Amino acid sequence: MHTQDKLKNLGVELPLFPLTSVGSFPKPEYIKKARARFVKGELTRKELETLEEKATREWIEFQENIGIDVLVDGEMYRGDMVAYFAEELKGFSQSSFVRSYGNRYYRKPVITAPVVWEKPMTVDWWKKAQAMTQKPMKGMLTGPYTIMDWSFNEYYKDREATCMALAQVIRKEVEALISAGAKLIQIDEPACSVRPSELPLVIQSMNVVTEGLPAYFFTHICYGDFEKIYPEMTEIPVENFDLEMSNSENDLLNCFKKRSFPKDLTAGIVDVHTHEIEAESTLKARLEQILDVIPARQLWVDPDCGLKTRTVEEAKKKLEVIATVVKSLRKSYSN
Amino acid sequence: MKLKSANHSHYPKIGETDEQHKLRQAYHLFDRKKISTFQVVKVQQDVTREAIEEQEKAHLDVVTDGLILWNDPISHIMKNLEGVKIGGLLRFFDTNFYFRQPEITGPILRKSSLLKEEAAFLKRHTAKGETKVVLTGPYTLAVLSKISTPAYKTSREVAQALAQVLAEEIKDLADSGINHIQIDEPGFFLQRPDWKWLSGLFEKLCSQKGKAKIWLTTYFGDVAPLYARLQELPVDVLGVDVTYSPTLLDLIRKEGSQKDLALGFLDGRNTKLENLKEVVHELKSLEKKVAQDKTVYVTTSCGLEYLPQDKAIKKLKLLEEINHAYSR
Ligand SMILES: [Zn+2]
């Protein structure tokens with residue numbers, strides 16, 4: 001089935017060049033403070049949640065105001081994209097700090113028992129967020145391969161067994177999201193290009209997650225060595241690949257020139273690691289370059305990656321400039 | 001064969017408690033200009049001393065300084081060389097750890113010794129063990145650098161220039177009385193070297209090693225296909241990552257070893273603790289094939305910084321237990 005037909009069957013109608021986001025938005029100052037107070041025991045979970053809902057509502061209103069088509073909740077209630085699921089699933093125990101670079105550390109989870117899905121992990125938030133808007137809200141999950149690669153494993157035989165067990169668990173979450181009404185679901189696999197020899201495992205595990213399910217699936221992959229996994233990576237069974245095109249634009253376009261991109265593409269067109277707000281002309285030129293190799297009806301647009309590392313102001317400005325450029329591009333296409 | 005236990009290279013800089021967080025905290029305060037360089041150095045030294053103490057508590061025969069001052073294995077060596085600029089972050093092999101990529105901007109020269117002070121500190125604070133200093137090898141450094149100077153056309157030429165300055169460094173380290181100097185070359189798995197050329201490179205590198213033993217260590221890849229070639233290189237100890245090489249032990253049982261070996265039996269990338277009996281059994285099975293006058297060092301597959309500190313300590317303890325159980 002063609003990807004656009006899948007959307008039509010799901011009853012989702014979208015304009016040309018649908019606008020969306022990768023997932024995370026920066027947390028406003030009051031959420032950062034509230035989280036710190038919650039950790040110290042000065043704030044109850046309920047009080048924290050009320051503030052997280054307020055921040056979520058603010059981000060949803062902002063997305064609606066600037067004309068984003070497929071919304072995200074902004075992940076005001078999440079920290080790390082793997083640790084969030086590790087804390088919710090049975091079978092993980094939290095580990096201590098591991099350094100990623102310079103003076104930056106993260107907590108790497110440890111699998112110490114069979115991973116078990118006991119209850120929905122993201123459905124309550126998805127429902128809350130969807131109730132705040134008429135526009136479609138994306139369900140947001142981390143993929144089994146990335147959870148496996150970013151965790152220690154003390155239980156399963158090897159990486160494959162770990163990944164396939166996690167795939168079963170993530171499928172249950174996808175089913176729960178679909179039952180709740182989600183039609184667009186993104187499953188992030190940023191670790192996917194690190195070991196090209198394991199790409200078949202990424203594909204196999206994603207197949208367990210998505211096979212036969214009535215939803216339009218995205219996967220987000222970033223900062224990878226795409227040359228090593230293209231075009232094989234397009235066999236990952238999802239309809240839409242959300243890729244950073246501003247950071248590794250030339251590499252990717254060269255890949256697509258050699259072998260045309262067979263699925264829908266959400267092109268990230270602003271860098272999430274710079275303070276500087278891109279000029280409209282820069283983004284327009286970037287989109288035109290992409291449209292030289294990707295048919296218009298296959299193209300969606302968003303930022304390179306999650307915006308949580310930027311300030312609220314920077315994130316909003318980057319989203320606004322994307323929206324402005326895409327709207328004017330739509331006009332020139334309808335003429 | 002004789003068995004000894006050795007720390008691989010780096011050691012986690014922070015742990016779980018506030019006290020164990022002091023280095024992270026010190027860098028944080030230093031960035032905000034709230035403490036002086038002198039105060040940061042003091043904390044670095046305390047943490048280095050603690051890393052050495054943990055290894056001595058586990059009665060390791062070969063001790064490092066835990067590479068506590070290193071930000072990453074590439075920029076730490078390259079940042080003090082002339083003709084090199086340090087650039088943006090890149091993923092370090094298939095780990096979730098990042099290094100800063102060097103850019104070669106002109107002729108590479110060593111202005112002063114790179115690791116002399118770290119080595120002197122290690123010597124001063126090691127009570128019993130033999131001392132080992134780690135250097136990332138010229139091949140790996142060259143493969144991971146960007147060249148933007150007409151001074152060198154290929155990464156081979158960069159590797160040759162680096163071998164020259166690292167040979168000078170090795171001489172200084174050997175002269176200072178360091179027992180072991182380990183050259184890390186995981187880069188062999190990124191791009192296969194030309195072995196004949198590499199042999200010349202290592203001859204130059206080791207030409208002034210004095211009494212020090214030179215280790216050549218690879219990790220993050222299956223070393224079995226390279227094993228015969230590595231045996232021919234002019235180094236004293238071959239360090240290999242057993243966790244990536246399903247057939248390596250069979251190969252050693254078949255081919256033996258003309259050199260001392262450092263076998264990375266314990267997985268430095270995963271918290272799971274290996275079975276003591278199984279490791280000892282494997283070691284015993286090598287006994288007849290490794291010459292009597294050769295030493296086998298039991299160690300981890302790579303440095304310990306990919307593990308949380310409490311788990312790293314458990315791996316060190318396990319090395320001690322293996323050594324014990326083997327000798328009994
Ligand atoms: Zn991303």
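This text goes with the structure placed above it.
Note on numbering: residues in each chain are counted from 1, in written sequence order. The lettering of chains begins at A and the numbering of ligands begins at 1, in the order of writing. Confidence filtering applies because this is a predicted model: local features only for residues at pLDDT of at least 70, side-chain atom pairs given and counted only at 80 or more, and all residues used for totals across whole chains, interfaces and linings. As a convention, hydrogens and water are excluded, and side-chain values are obtained from all of the structure's heavy atoms.

**Observations concerning the overall build of chain B**
Then step 1. Within chain B one finds 11 helices and 11 strands.
Then step 2. With respect to the principal axes defined by its C-alpha atoms, chain B has extents near 55 × 50 × 35 Å.
Then step 3. A buried classification covers 59% of the 328 residues belonging to chain B.
Then step 4. By the convention used here, residues are in contact when the closest approach between their heavy atoms is within 4.5 Å. Put simply, of all contacts in chain B between residues at least 6 apart along the chain, 74% involve residues at least 24 apart.
Then step 5. Using the Shrake-Rupley algorithm and a 1.4 Å probe, accessible areas are obtained, with residue cover drawn only from the displayed protein chains. Carbon and sulfur atoms form 49% of the exposed surface of chain B, whose accessible area is close to 13,900 Å².
Then step 6. For this count, His and the chain ends are skipped, Lys and Arg are scored as positive, and Asp and Glu as negative. The atom standing in for a charge is NZ when the residue is Lys, CZ when it is Arg, CG when it is Asp and CD when it is Glu. Here chain B contributes 48 positively and 44 negatively charged side chains, and the mean placements of these two sets differ by 1 Å. Secondary structure counts use DSSP, requiring at least four H or I residues in a row for a helix and at least two E residues in a row for a strand, with both numbered from the N terminus. Residue burial is assigned from relative accessible area. The probe radius is 1.4 Å, only protein chains are included, and a residue is buried under 20% of its type maximum, exposed over 50%, and partly exposed in between.

**Things to note about the packing of aromatic side chains**
Pairs of aromatic rings are described using the distance from one ring centre to the other and the angle between the two planes.
Then step 1. Any Phe, Tyr or Trp ring, taking Trp's six-membered ring, that has another such ring centre within 6.5 Å forms a pair; planes under 30 degrees apart are called stacked, those over 60 apart edge-to-face, and the others tilted. This model, assessed by the stated rule, comprises 28 aromatic pairs over all chains.
Then step 2. Ring centres of F218(A) and W300(A) lie 5.1 Å apart, and the angle between their planes is 90 degrees; on these two criteria the pair is classed as edge-to-face. Taken as a pair, F218(A) in strand 8 (residues 216-221) and W300(A) in strand 11 (residues 299-302) lie far apart in primary sequence, 82 residues in all.
Then step 3. Assessed through its relative accessible area of 0%, F218(A) is described here as buried.
Then step 4. Ring centres 6.5 Å apart and planes at 55 degrees place the aromatic pair F220(B) and Y244(B) in the tilted group.

**Describing the interface of chain A and chain B**
Then step 1. Each partner contributes residues to the interface: chain A has 19 residues there, and chain B has 28 residues.
Then step 2. As a working definition, buried area equals the accessible area (1.4 Å probe) given up by two parts on being put together, with both sides summed. Both faces considered, chain A and chain B share a buried interface measuring about 2,200 Å² in area, 47% of it formed by carbon and sulfur atoms.
Then step 3. When a carboxyl oxygen of Asp or Glu is within 4 Å of a side-chain nitrogen of Lys or Arg, the pair counts as a salt bridge. The tally of links from chain A across to chain B stands at 4 salt bridges.
Then step 4. Its salt-bridge partner being E16(B), residue R107(A) comes within 2.9 Å of it at the nearest N-O pair.

**Quick look at the coordination of the zinc ion**
The textbook angles at a metal center are 109.5 degrees for a tetrahedron of four donors and 90 or 180 degrees for an octahedron of six.
Residues and elements named next belong to chain A.
Then step 1. At this site the zinc ion is bound by H220 (NE2), C222 (SG) and C305 (SG), with donor distances of 2.1 to 2.3 Å.
Then step 2. Donor selection uses N, O and S atoms within 2.8 Å of the metal (3.2 Å for Na, K and Ca). Since no water is included, sites may look incomplete. Of note, the donors binding the zinc ion are all from one chain and are spaced H-x1-C-x82-C. Highlighted residues: C222 in the loop between strand 8 and helix 9 (226-229) and C305 in the loop between strand 11 and helix 12 (312-334), separated in sequence by 83 residues. Summarising the burial analysis for this pair, C222 and C305 share the class buried.

**Some thoughts on the sheet that holds strand 3 (residues 81-91) of chain B**
The strands that make up a sheet pair up through hydrogen bonds in the backbone, lying either parallel or antiparallel.
Residue and element names in this part refer to chain B.
Then step 1. Taking strand neighbours across the sheet as the criterion, the 3 strands line up as 3-4-6 in an open arrangement whose pairing is mixed. The sheet is open, and its two edges are formed by strand 3 and strand 6 (146-147), each paired on a single side.
Then step 2. Strand direction decides the pairing type here: strand 4 (residues 98-110) and strand 6, joined by 2 bridges, are parallel. Within strand 6, the position partnered with E103 by the bridge is K146. Two strands make a pair as long as DSSP finds a minimum of two bridges between them.

**So, the pattern of salt bridges**
Residue and element names in this part refer to chain B.
Then step 1. Enumeration according to the criterion identifies 41 salt bridges over all chains in this entry.
Then step 2. The residue R253 makes a salt bridge to E282 at a minimum N-O spacing of 2.9 Å. Taken together, the residues R253 in helix 9 (residues 248-255) and E282 in helix 10 (residues 276-286) connect sequence positions 29 residues apart.
Then step 3. Relative accessible area serves as the criterion here: at 25%, R253 is assigned to the partly exposed category.
Then step 4. Several salt bridges share partner residues, and in doing so they unite R110, E168, E169 and D172 into one network.

**Description of the side chain of D65(B)**
All names here are of chain B.
Then step 1. Relative to the elements of secondary structure, D65 occurs in the loop between strand 2 (62-63) and helix 3 (75-78).
Then step 2. Buried within the structure, D65 lacks any salt-bridge partner; its nearest side chain of opposite charge belongs to K13, at an N-O separation of 8.8 Å.
Then step 3. There is a polar contact of 2.8 Å between the side chain of D65 and the backbone nitrogen of L67.
Then step 4. Contacts of D65, omitting those with residues within four sequence positions, involve T48, A51, I52, E118 and L122. Polar contacts, as counted here, are pairs of nitrogen or oxygen atoms within 3.5 Å of one another; within protein the pair requires one atom able to donate a hydrogen and one able to accept it, and residues that are adjacent in sequence qualify only if both atoms are side-chain atoms.

**Comments concerning the sheet that holds strand 9 (residues 240-244) of chain A**
Residues and elements named next belong to chain A.
Then step 1. Strand order in the open sheet made by the 6 strands is 5-7-8-9-10-11, with parallel pairing throughout. Because the sheet does not close on itself, it has two edges, and the strands there are strand 5 (139-142) and strand 11. Ignoring which end each strand starts from, the neighbouring axes of this sheet average 25 degrees apart.
Then step 2. Two elements, strand 9 and strand 10 (residues 264-268), share 5 bridges in a ladder whose sense is parallel. Looking at the pairing, F241 lines up with L265 of strand 10. Structural elements are reduced to axes, namely lines fitted to C-alpha atoms, with helices fitted over the stretch in contact, and the angle between N-to-C directions of any two is expressed from 0 to 180 degrees.

**Let's talk about helix 9 of chain B**
All names here are of chain B.
Then step 1. All of the buried residues in helix 9 are L248, L249 and I252. One face of helix 9 carries all of its buried residues, which in axial projection span an arc of 100 degrees.
Then step 2. In this structure, the buried side of helix 9 is in contact with helix 8 (227-231), strand 9 (237-241), strand 10 (260-266) and helix 10.
Then step 3. Positive backbone phi, at 70 degrees, marks G256, one or two positions downstream of helix 9. Think of the arc as the fan of directions from the helix axis to the C-beta atoms.

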